[in-house]
Structure formats: structure tokens, C-alpha cells
Amino acid sequence: TFQSISGHHTVNQLTTQTSSIMIKQILQKIPGGQNVQAFVGTSILIGLCAIPVFGKDTKTGHDLFSQEKPQAIVESESKLRKDYMDTKKEQQQQQ
């Protein structure tokens, strides 16, 4: 789908190579050895990937992978439980 530039590189390959070179130049400015640079680069990448997870502004139970019940359901269940208990107490008092 991409047109060939200079006979053997596609636009996608050139873009990938350019961004790879830029990242490499940035990481080389970090003081320390190659292990330190790899650690810092990996930490930054993981941190960037975590931004959507910790930066979300959704209510409890409303996101895709939430295992918690939404607040509205918890409130309605507690109201139903309270109504049931009140009804049961009234029935016991009438007997």
C-alpha cells in the first residue's frame, strides 16, 4: 500500500527508523551506562502507558474492566434491603 522511496524503503519504514533514531538520541543523553538508559526508557514507556488507567475520570464500576458494582446499584440494593427489613418488622409487629 505504501509507495517505495528510493527503490527499497517504504514510508512506514522510514518513519519508524526516524523515530527510532530520535528515541536513541534522547536516551543517549541520560548519564550512565546502557543498562541505566534501558531502565529509564522502559520506566518512561510504562509510565506513559499507565496514564489512561490512572488518569481516568469515571465513577466506580463504570469502566470496562471494573470488578466493582456501580454506585447506583449499590445504593438501590441497600434501599431494597432496608425496605425489605422494614416490611418484615411491620409484619412481625402485626402478629
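Keep in mind that this is a model prediction, so the values were computed, not measured.

**Some thoughts on the overall build of the chain**
1) Next: When helices and strands are counted, the chain shows 3 helices and 2 strands.
2) Next: When its helices and strands are written in sequence order, the chain yields β-β-α-α-α.
3) Next: If you sum the accessible surface of the chain, you get close to 8800 Å²; carbon and sulfur atoms cover 60% of it.

**Structural notes on the pattern of salt bridges**
1) Next: Across all of its chains, the model carries 1 salt bridge by this definition.
2) Next: We note a salt bridge from Asp83 to Lys79, for which the minimum N-O separation is 3.2 Å. Here the residue Asp83 and the residue Lys79 both occupy positions in helix H3 (residues 71–94), the gap between them amounting to 4 residues, near one helical turn.
3) Next: Take Lys79: its relative accessible area is 52%, and that puts it in the exposed class.

**Regarding a nonpolar patch on the surface**
1) Next: Together, Ile44, Leu48 and Ile51 make up a nonpolar patch on the protein surface, roughly 300 Å² of accessible area in all.
2) Next: Its location among the elements puts Leu48 in helix H2 (residues 34–54).
3) Next: Its relative accessible area of 52% is what places Leu48 among the exposed residues.

**Description of the confidence of the model for the chain**
1) Next: Confidence along the chain averages 78 in pLDDT terms, with 74% of residues attaining 70 or more.
2) Next: The weakest mean pLDDT in the chain belongs to strand S1 (residues 4–5) at 47; the strongest belongs to H3 at 88.
3) Next: Within the model, the stretch residues 1–5 combines pLDDT values under 50 with 9 contacts to residues more than four positions away or in other chains.

**Some thoughts on the environment of Val40**
1) Next: With respect to the helices and strands, Val40 occurs in helix H2.
2) Next: Along the sequence, Val40 and Ile30 sit 10 residues apart, while their C-alpha atoms lie 8.3 Å from each other.

**Here's the deal with the side chain of Gln37**
1) Next: Of note, Gln37 is situated in helix H2.
2) Next: Gln37 sits in the buried class, given a relative accessible area of 16%.
3) Next: When residues no more than four places from it in sequence are discounted, the contact partners of Gln37 are Leu27, Gln28, Ile30 and Gly32.

The rules behind these values
- Residues numbered from 1 in each chain as written.
- Predicted model: local features only at pLDDT ≥ 70, side-chain atom pairs only at ≥ 80, totals over all residues.
- Heavy atoms only, no water.
- Helix = DSSP H or I, 4+ residues; strand = E, 2+ residues; numbered from the N terminus.
- Areas by Shrake-Rupley, 256 points an atom, 1.4 Å probe, with all protein chains shown as cover.
- Salt bridge = Lys/Arg side-chain N within 4 Å of Asp/Glu carboxyl O.
- Buried < 20%, exposed > 50% of the residue type's maximum accessible area, 1.4 Å probe, protein only.
- Patch = residues over 30% accessible without salt bridge, like charges linked within 9 Å, V, L, I, M, F, W, Y side chains within 5 Å.
- pLDDT = per-residue confidence, 0-100.
- Contact = heavy atoms within 4.5 Å.

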